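Inside the fold
These are the residues of each chain, in order.
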Amino acid sequence: MGEHPSPGPAVAACAEAERIEELEPEAEERPPAEDFDPGNTGFISTGKLRSLLDSHSSKLDPHKREVLLALADSHASGQICYQDFVNLMSNKRSNSFRQAILQGNRRLCSKALLEEKGLNLSQRLIRHVAYETLPREIDRKWYYDSYTCCPPPWFMITVTLLEVAFFLYNGVSLGQFVLQVTHPRYLKNSLVYHPQLRAQAWRYLTYIFMHAGIEHLGLNVVLQLLVGVPLEMVHGAARIGLVYVAGVVAGSLAVSVADMTAPVVGSSGGVYALVSAHLANIVMNWSGMKCQFKLLRMAVALICMSMEFGRAVWLRFHPSAYPPCPHPSFVAHLGGVAVGITLGVVVLRNYEQRLQDQSLWWIFVAMYTVFVLFAVFWNIFAYTLLDLKLPPPP
């Protein structure tokens, strides 16, 4: 999946790799290379950069060459930050590097990725993912040039396979696949979050492997694969996994605060975190997002999410199969949405950028941390102080 069309390879050829290998610092304190910054000033002249590009123009990928030219043109002072140059050649970018390009004195002149011809199936897939998730053409080109499918989007695929496996196992054990949640023995599973067993901390996470029925599992799996996998291909398993797990934990904690007598099942907290972050990112970058039929697709996604949420609300207030314990809560969906439009949006809006440099990131992390601490103390003290009568453990 890492192949790219002519006239150049996706990354620098072997000769170019040998040329720039000495430029990649082994540690933060390594000084600049003598060939480009003999005075150890931290800058290199745009003239030297242009000379390097001219001598290696046939070996560099054209998209990467254009980015370097834009970087050179954006500095009227005649010099650029050496680290920005290293970041580009090692596929690492910084905010200062992005600003240098966006504020450059000329626009990137090459044709858009959509106009590229002669792409094979894997290249078209990578291009499709880029246009589905990224609002800036320069980011789309960057992703297209640097993506190698190593590692593959393993997180969302692994989670999905585990959810399907647990569902099939429970279906065979209970002898029921549709509306499994109505089976009298359903809540006896040690993965389900139950308010009487809230001291068992793993239940705040493992409840995602239990679903109310095949109708519940089906929509979550479809959304995880259609939205989660492309997002992971672009932003990586660490960031997408963080948003997903944060949505899952927020979902179960929200239920423990707002719907204190109800259990929780399903991966909707994590799924709604990813989908709501993706939809919010599209709305906030509407003119830049070039995915086809985006208005229609957003409408379909919102309708599907609303139907699933409506199903969850109906099930919550449907007469329980194991009174006095009610059916699972729908509040986890709302917890996932809250994570998606806060932490999730910051992650998706900062492709290849350091999150720790974003003030909004720290604001939302602080808000999430405060909520988690509040929910923990609530679970420790509120049930006793309110003298709430909980359903017996399953």
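Conventions adopted
- Residues numbered from 1 in each chain as written.
- Predicted model: local features only at pLDDT ≥ 70, side-chain atom pairs only at ≥ 80, totals over all residues.
- Heavy atoms only, no water.
- UniProt positions renumbered as here; feature names shortened; annotations may be inferred.
- Helix = DSSP H or I, 4+ residues; strand = E, 2+ residues; numbered from the N terminus.
- Axes fitted to C-alpha atoms, helices over the stretch in contact; angles between N-to-C directions.
- Left-handed = near helix turned anticlockwise from the far one by under 90°.
- Contact = heavy atoms within 4.5 Å.
- Nonpolar A, V, L, I, M, F, W, Y, C, P; charged D, E, K, R; others polar.
- Polar contact = N/O pair within 3.5 Å; in protein donor to acceptor, adjacent residues only side chain to side chain.
- Buried < 20%, exposed > 50% of the residue type's maximum accessible area, 1.4 Å probe, protein only.
- Phe/Tyr/Trp six-rings, centres within 6.5 Å; stacked < 30°, edge-to-face > 60°.

Per the UniProt record, the feature "transmembrane region" (unreviewed entry) sits at residues 240-258, 264-283, 295-317, 329-348 and 360-386. From the first C-alpha to the last, residues 295-317 spans 33 Å; its make-up is 100% helix and 0% strand.

This next bit is on the packing of helix α11 (residues 237-258) against helix α14 (residues 331-349). Taken N-terminus to C-terminus, the directions of α11 and α14 make an angle of 145°; their axes are 7 Å apart at the nearest point. For the pair α11 and α14, the crossing hand works out as right-handed. Contact with α11, carried on its side by R239, I240, V243, A246, G247, A250, G251, A254, V255 and A258, involves V331, A332, G335, G336, V339, L343, G344, V347 and L348 of α14 and no other residues of that element. Here the residues of the contact of α11 with α14 are counted per class, giving 13 nonpolar, 5 polar and 1 charged.

Once that is clear, we can look at the UniProt feature "active site" (unreviewed entry) in the chain. If you check UniProt for "active site" (unreviewed entry), the listed places come out as S268 and H333 in our numbering. Of the residues just listed, which span 66 residues, no C-alpha pair is farther apart than 5.6 Å, and they cluster in one region. By secondary structure assignment, the location of S268 is in helix α12 (residues 268-284). The contact partners of S268, leaving out residues within four places of it in the chain, are H216, N220, E308 and H333. Here the side chain of S268 touches H216 through a polar contact of 3.2 Å, side chain to side chain. Structurally, H333 can be placed in helix α14. Those residues in contact with H333, other than ones at most four positions away along the chain, are S268, Y272, E308, F309 and A312.

For the rest of this paragraph, the subject is the environment of M289. By the element assignment, M289 lies in the loop between α12 and α13 (294-317). Classification of M289 by relative accessible area gives buried; the value is 2%. Once the C-alpha coordinates of M289 and L134 are considered, the two residues, 155 residues apart in sequence, prove to be 6.6 Å apart. Apart from the residues lying within four places of it in its own chain, the contact partners of M289 are Y131, E132, T133, L134, P135, I282 and K294.

Turning our eyes to something else, we now look at the packing of aromatic side chains. This model, assessed by the stated rule, comprises 10 aromatic pairs. Centre to centre, the rings of F166 and F209 are 5.2 Å apart; their planes meet at 35°, and the pair counts as tilted. On the criterion of sequence distance, the pair formed by F166 in helix α8 (residues 154-174) and F209 in the loop between α9 (203-206) and α10 (214-235) is long-range, its members being 43 residues apart. Taking relative accessible area as the criterion, F209 reaches 15% and is therefore assigned buried. Centre to centre, the rings of F309 and F330 are 5.6 Å apart; their planes meet at 90°, and the pair counts as edge-to-face. Placement of the pair is F309 in helix α13 and F330 in the loop between α13 and α14, with a sequence separation of 21 residues. Relative accessible area serves as the criterion here: at 16%, F330 is assigned to the buried category. Ring pairing ties together the aromatic residues W154, F155 and Y244, which thus form one cluster.

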